[in-house]
Amino acid sequence: MTAPASPSPGRGARRPHHPLASEARHGSAPWAALAVFVALAVTMASKAKWWQGSWNEAQFTLHTAATLLGGPLAAAIGCRHGGRERRARMDGLRDSAVRSPLAQFAVSVLPVTVAVVLGYALAAAGTLLATWPYTSAGRPRVLLLVGDALFLAAATAGAAVVGRLVRWRPASLVLAGLTYVALALPDYHGSAVRFLSPAVNGGVGEALPVWWQPLAMAGWAGGVAVAAVLAYAARRPSHRCFALLPLAVALSAAVLLVQAGGRAWQHDPAAGRQVCDDSTPRVCVNALDQGLLPQVSRALSGVTGRLAGVRNAPVRFEDLPRATRPDEAQLPQLFLGQSVVRGELTDPERFAWEAAAGMTSSRLDVCGDADLARFGRIDDAVRDWLASNGYSERRRAYWARAARESGDGRRIASVEADARAFGHLASMDDERRRDWLSRYFASVGSCDARKVPQL
């Protein structure tokens, strides 16, 4: 009688799942990824109009959300996950396991750490995709994204060590609060030590980190986290010396960040360059906003058309904080979320009116109140005639209505005098008006009544 053959595993036999796969599927990792993604996605969506249209603004907003919101959230997730075995009273089983403490820690914490990074990566991808259709120039900074991802991984792993050591249920909430304070508080101090916080940067909008700054920040945060993990999970006390290497990396990165300080951030070279059209006067915008130039030119076409043939008028509109030459006029600044939303001018008529106002406001800096009262009516008439659009008409109608409703005789008389000055300028024939405007622009910035033509 022959012995029965031992059963051999067939094709349908199920292989046991690797512990990492089980943790990733059935542990808290999916919920961690979802929590990070939802928190960052909701935050970014609520501020979308302030960053869509600029790679720099989009990435700085994402960076701020990832550090000040994602950092405390990752710390809370890691701390709570780290104390899981203790809450389930599995400490004894863990101590008797065959795997080393480091392997046990990696199997438990690695899936949730990857999940936190995955949640951030999905939010970052959504942010970049939502920015791409509206950008004019520039590119996303990949190293900044990598640095934030490594910071979140370090925060999760380091907090898991705290969760293993601290036997207190509210520890995760307290650690999240402390993490937020540690990240946000240095921004209110002037010393270079503040640059050790990942949430602190050298500026916003036009400021960019040098290529090594995100890597140094990742070395600082990651080195501390890895050192904590190795010191905690060492099989023998003598093995804790291995934590000195990542600690040395962290200290070296910290010294580099502190010594560099604000020099680790630089202005975008494109931010100082102007891109112009071929109109007369020329209309120029910042190179970072060059995609908006056709819209800006159309919005100012009425103003530039009315300046045709006028001598002494500005020959160039520039998108600068302050015009640098007498023949340059300051263009209204293109603020994301205000004058520009998702690559579109929100109010072209108001934009044109503000551009005209910038050409006639030079006396504000050099003349006293008495002079402004004397010349203000003339300046306002020129401004409203250059704009000559619906926004200008609505403003004049509003002030006239407000004066009538107030019943103040002086105020009504002033509004009527303004209307007569505007009507006089508008009623001139083209040649006479060009001559009058030429004399007017020759007097801009002067407080001498003899140089300012009257209406």
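Attention here is on the structure that accompanies the text. (Residues numbered from 1 in each chain as written. Predicted model: local features only at pLDDT ≥ 70, side-chain atom pairs only at ≥ 80, totals over all residues. Heavy atoms only, no water.)

## A short note on the sheet that holds strand β5 (residues 316-318)
Item 1. If you walk across this open sheet you meet the 4 strands as β3-β4-β5-β6, and the pairing is mixed. In this open sheet, the two edge strands, each paired with only one partner strand, are β3 (274-276) and β6 (328-330). The average undirected angle you get between the axes of adjacent strands in this sheet is 30°.
Item 2. Inspection of the sheet shows strand β4 (residues 282-286) paired to β5 by 2 bridges, in the parallel sense. Across the sheet, valine 283 pairs through a bridge with phenylalanine 317, a residue of β5. (Pairing = 2+ DSSP bridges. Helix = DSSP H or I, 4+ residues; strand = E, 2+ residues; numbered from the N terminus. Axes fitted to C-alpha atoms, helices over the stretch in contact; angles between N-to-C directions.)

## Some words on the state of the cysteines
Item 1. Overall, the coordinates contain 1 disulfide when judged by the stated rule.
Item 2. The disulfide partner of cysteine 276 is cysteine 284, and the gap between their sulfur atoms is 2.0 Å. Here cysteine 276 and cysteine 284 share a disulfide; its torsion about the S-S bond, 105°, makes the bridge right-handed.
Item 3. Residue cysteine 276 is classed as partly exposed on the basis of its relative accessible area of 21%.
Item 4. What makes cysteine 284 buried here is its relative accessible area of 0%. (Disulfide = S-S within 2.5 Å. Buried < 20%, exposed > 50% of the residue type's maximum accessible area, 1.4 Å probe, protein only.)

## Observations regarding the pairing of β4
Item 1. Burial of β4 is extensive: 4 of the 5 residues sit out of reach of the surface.
Item 2. With 3 bridges connecting them, β3 and β4 associate as antiparallel partners. Note on β4: the bridge partner recorded for valine 275 is valine 285.

## Observations concerning the side chain of glutamine 213
Item 1. Locating glutamine 213 in the fold gives a position in helix α10 (residues 213-233).
Item 2. Those residues in contact with glutamine 213 that lie beyond four places of it in its chain are Leu257, Ala264 and Trp265. (Contact = heavy atoms within 4.5 Å.)

## Comments concerning unusual backbone geometry
Item 1. The omega angle of the peptide bond from threonine 280 to proline 281 is -5°, so this bond is cis rather than trans.
Item 2. Examined against the element boundaries, proline 281 turns out to sit in the loop between β3 and β4.
Item 3. We note that asparagine 312 has phi near 70°; this positive angle belongs to a residue other than glycine.
Item 4. With respect to the helices and strands, asparagine 312 occurs in the loop between α13 (301-306) and β5.
Item 5. The phi dihedral of arginine 342 is positive, around 50°, even though this residue is not glycine.
Item 6. Looking at where arginine 342 falls in the secondary structure, it is placed in the loop between β7 (340-341) and β8 (344-345).

Read these as spatial facts, not as claims about activity.
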